[in-house]
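So the chains spell out like this:
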Amino acid sequence: MSMSTRDLWEDVPDAKQDSPDVILREQGQWLADKTNNEVRGYVPLRPVNRGSERFIGDSGYDSDRPNWGFTADFYFEVPNLNGYRHLFLEVKLPVSMGYPVTMTDHINAKQSTCHSQDEFEQALQAAFKSKAVRDVIAGLRTASRGMNQAWSRPLTQE
Amino acid sequence: VVNLLFWNIRGKRLGHLVRALVDEHDVDIVVLAELGETPWDILTALNAGNARHVFHMDELLEQVTRQRRRQPHLFWRFEREAMCLRRNDDGAIFCELEATAGCRILIVAVHLRSRMHRSEHDLFEFASRMGAVIREEEARLGHQRTVVVGDFNMNPFDVGMMTCDAFHAVMTQAIARGRSRKIGEDERSFFYNPMWGCLGDRTPGPPGTYYYDSPGHLPLFWNTFDQVLVRPDLLDVFDTDSLRILDRAGSAPLLKRKNGRPNQREASDHLPILFSLHLEGDNVHEHT
């Protein structure tokens, strides 16, 4: 197909290497490394559905509502427990995949808004070292090892 | 036949009433929301005395979700290994039940977030998220033999229950048997919502599951927040006639005598729902 106009795109930006969802996936991998893959992070990215305005109508529209583009969830995933997934964090991101983000910590029942990568990493660190989260990870690791022991009966020679 | 009971017990100690319902209706799976006692207390009540069968619960789930008030709890009286915990999400637990040899069904127990101080947009977003999570889990498991039961904090006619982005739950089996419809590029599966048939006073049971005399301009009075949704692959298994909103637990009435509303002093402000699945034989469809 011949093009009638010249290319007006001077340079197209590449994907961001340090967007909040990438940071979450890296933390999930750190967790897997530290637990010998007993518990790891699973981080799906979903579009935030704005379609409700179609149905609810303009009268219900609140212009102060942030224009979130995506939600990145962080689940603890336990391969040994049939891939059991346990929701930990729900992070709402703008379409730019930058900041601010709103992070809901479902284990500690806390919500916070982070305006920069530094703030986001501090909020993650605080959540990771909270007692409730450490208890959940310990519980999942214990259960994971229990399954291992159940399956580790000595094999008899045929 | 598998009989399933759901009840939001409003943070009260109602283990004795749950046990009465289990004995009376031969319940196999109990799903409870807003426990007022520990799940171990409920389990003790279910298995006390001359209980005909032993109930189980997932102790891992209970240990790792102790702080969550909204967490639904699931008890079953099949072999412990018959129920496999798959996922814990925002007010929802996903379990797979090995119904017949080699055939599993997904049971999603939900207690979605309260309507209090939230707009319809918020409720839609919560429902939309849960719809997406259910579709993701079905894709992971490779089947759509799914039942969703619980306190949705929405009525069957609310946007979050009906739209394709959320639960896509329709009011007739005939429509649901069409399995899905295409919206743009996406094929979206239906749920059948039999609770449409339980609304109002021309039904055998109470007019809804929850009564709220709202001070606003649009009071519904009776709401049906407690619902069950069934995927088309389980329609031949789901016993429509078995679905009931219960108004007594053993000899204890759950409605007040003077006005017929839920007796929240003696029981809960929600009424329990009960239904049956005929899981034996070849009636579980295997569309994958």
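Summary of the structure given here. Remember, it's a predicted structure, so these values are computed and weren't measured experimentally. (Residues numbered from 1 in each chain as written. Chains lettered and ligands numbered in written order. Predicted model: local features only at pLDDT ≥ 70, side-chain atom pairs only at ≥ 80, totals over all residues. Heavy atoms only, no water.)

1. Structural notes on the overall build of chain B
The secondary structure content of chain B amounts to six helices and 19 strands. For chain B, the C-alpha radius of gyration of 18 Å lies close to 19 Å, the compact-globule estimate for 288 residues. Summarising its shape, the C-alpha atoms of chain B cover approximately 50 × 50 × 35 Å along the three principal directions. Expressed as a percentage of the 288 residues in chain B, the buried residues total 59%. (Helix = DSSP H or I, 4+ residues; strand = E, 2+ residues; numbered from the N terminus. Rg over C-alpha atoms; globule rule 2.2 N^0.38 Å. Buried < 20%, exposed > 50% of the residue type's maximum accessible area, 1.4 Å probe, protein only.)

2. Considerations on the pattern of salt bridges
Residue and element names in this part refer to chain B. Under the criterion given, the structure shown has 31 salt bridges over all chains. Residues R19 and D23 are paired through a salt bridge, measuring 2.9 Å at the closest nitrogen-oxygen approach. Of the two residues, R19 and D23 are both situated in helix α1 (residues 15-25); the distance of four residues between them amounts to about one turn of the helix. (Salt bridge = Lys/Arg side-chain N within 4 Å of Asp/Glu carboxyl O.)

3. Describing the packing of aromatic side chains
What characterises a pair of aromatic rings is the spacing of the ring centres plus the angle enclosed by the ring planes. Across all of its chains, the model carries twelve aromatic pairs over all chains by this definition. Consider the rings of F74 of chain A and F88 of chain A, whose centres lie 5.8 Å apart with planes at 90 degrees: the pair is edge-to-face. In this pair, F74 of chain A sits in strand β3 (residues 68-78) while F88 of chain A sits in strand β4 (residues 84-94), placing the two residues 14 residues apart along the sequence. Here F74 of chain A and F88 of chain A have matching classes, each one buried. One Lys or Arg, R85 of chain A, reaches over the ring of Y42 of chain A and ends 3.6 Å from the middle of that ring. In this structure, R231 of chain B is placed above the aromatic ring of F191 of chain B, and the distance from its NZ or CZ to the ring centre is 3.8 Å. (Phe/Tyr/Trp six-rings, centres within 6.5 Å; stacked < 30°, edge-to-face > 60°. Lys NZ or Arg CZ within 6 Å of the ring centre and 35° of its normal.)

4. Let's talk about the sheet that holds strand β16 (residues 238-245) of chain B
The strands making up a sheet associate through backbone hydrogen bonding, with each pair oriented either parallel or antiparallel. All names here are of chain B. Pairing in this open sheet of six strands is mixed, and the strands run β3-β4-β2-β1-β19-β16 from one edge to the other. What marks the edges here is a single partner per strand, and that holds for β3 (56-57) and β16. In the packing of helix α2 (residues 39-47) onto the sheet, the strands contacted are β2 (29-33), β3 and β4 (73-76), and the crossing angle to β4 comes to about 25 degrees. (Pairing = 2+ DSSP bridges. Contact = heavy atoms within 4.5 Å. Axes fitted to C-alpha atoms, helices over the stretch in contact; angles between N-to-C directions.)

5. A short note on the side chain of Q227 of chain B
Residue and element names in this part refer to chain B. Structurally, Q227 is set in strand β15 (residues 226-230). At 2.7 Å, the side chain of Q227 and the side chain of N193 are in polar contact. Setting aside residues no more than four positions away along its own chain, Q227 makes contact with V148, V149, G150, F152, M154, N155, P156, M161, N193, M195 and I273. (Polar contact = N/O pair within 3.5 Å; in protein donor to acceptor, adjacent residues only side chain to side chain.)

6. Regarding the packing of α1 of chain B against α2 of chain B
Residues and elements named next belong to chain B. α2 packs onto α1 with a crossing angle of 40 degrees between their chain directions and a minimal axis gap of 9 Å. As summarised for this structure, α1 and α2 are arranged oblique, according to the angle between their axes. For the pair α1 and α2, the crossing hand works out as right-handed. Residues G15, V18, R19 and V22 of α1 form the contact with α2, whose own contacting residues are I42, A45, L46 and N47. (Parallel < 35°, antiparallel > 145°, perpendicular 65-115°, else oblique. Left-handed = near helix turned anticlockwise from the far one by under 90°.)

7. Considering the layout of surface pockets
Residue and element names in this part refer to chain B. When its volume is computed, the second largest pocket comes out at roughly 900 Å³. Considering the residues around the second largest pocket, the lining is formed by 32 residues, among which S114, R115, M116, N153 and F225 are closest to the centre. By residue class, the composition of the lining of the second largest pocket is eleven nonpolar, ten polar and eleven charged. (1 Å grid on protein atoms, 1.4 Å probe; cavity = no way out; pocket = protein on both sides within 12 Å on 5 of 7 lines; lining within 4 Å. Points joined across faces, edges and corners; volume = space filled by probe spheres on them. Nonpolar A, V, L, I, M, F, W, Y, C, P; charged D, E, K, R; others polar.)

8. So, helix α1 (residues 20-34) of chain A
The terminal C-alpha atoms of α1 of chain A, which comprises 15 residues, lie 21 Å apart, in line with the 21 Å expected from a rise of 1.5 Å per residue. Of the positions making up α1 of chain A, those classed as buried are P20, D21, I23, L24, G28, L31 and A32 of chain A. (Expected span 1.5 Å × (residues − 1).)

9. Focus on unusual backbone geometry
For the peptide bond that leads from Y99 of chain A to P100 of chain A, omega is 10 degrees, which places it in the cis range. With respect to the helices and strands, the residue P100 of chain A is situated in the loop between β4 and β5 (101-105). We note that N82 of chain A has phi near 55 degrees; this positive angle belongs to a residue other than glycine. Looking at the element boundaries, N82 of chain A is found in the loop between β3 and β4. One non-glycine residue with positive phi stands out, namely R10 of chain B, at about 55 degrees. Among the structural elements, R10 of chain B can be located in the loop between β1 (2-8) and α1.

10. Let's talk about a negative patch on the surface
Residues and elements named next belong to chain A. A cluster of like negative charges, contributed by D18, E26, D118, E119 and E121, occupies part of the molecular surface. With three residues, the single largest contributor to the negative patch is helix α3 (residues 117-128). Tracing the sequence through the fold places E26 in helix α1. (Patch = residues over 30% accessible without salt bridge, like charges linked within 9 Å, V, L, I, M, F, W, Y side chains within 5 Å. Areas by Shrake-Rupley, 256 points an atom, 1.4 Å probe, with all protein chains shown as cover. Lys, Arg positive; Asp, Glu negative; His and termini not counted. Charge placed at Lys NZ, Arg CZ, Asp CG, Glu CD.)

11. Focus on the nonpolar core
Of all hydrophobic cores here, the largest spans 97 residues; its most connected members are F76 of chain A together with W7, I29 and V228 of chain B. Among the elements that take part in this core, helix α4 (residues 131-151) of chain A stands out by supplying six residues, more than any other. Among residues more than four places away in sequence, those in contact with V228 of chain B are V147, V148, V149, Y192, N193, P194, M195, F238, L243, I273 and F275 of chain B. Ranked by size, the runner-up nonpolar core spans 24 residues in total, among them A92, M154, A166 and A169 of chain B. (Core = buried A, V, L, I, M, F, W, Y, C linked by side-chain atoms within 4.5 Å.)

12. Regarding helix α4 (residues 120-141) of chain B
Residue and element names in this part refer to chain B. Its 22 residues give α4 an end-to-end C-alpha distance of 31 Å, which sits within 8% of 32 Å, the value for a rise of 1.5 Å per residue. In terms of residue burial, α4 counts as a mostly covered element, since 16 of its 22 residues are buried. Backbone geometry just downstream of α4 places G142 in the positive-phi region, at approximately 80 degrees.

13. As for the environment of N47 of chain B
Residue and element names in this part refer to chain B. Residue position: N47 is located in helix α2. In this structure N47 comes out as partly exposed when scored by relative accessible area, which is 25%. When the C-alpha positions of N47 and A132 are compared, they lie 36 Å apart, and in sequence the two are 85 residues distant. Beyond its immediate sequence surroundings of up to four residues, N47 is in contact with R19, H53, V54 and F55. A polar side-chain atom of N47 sits 2.7 Å from the main-chain amide nitrogen of F55.

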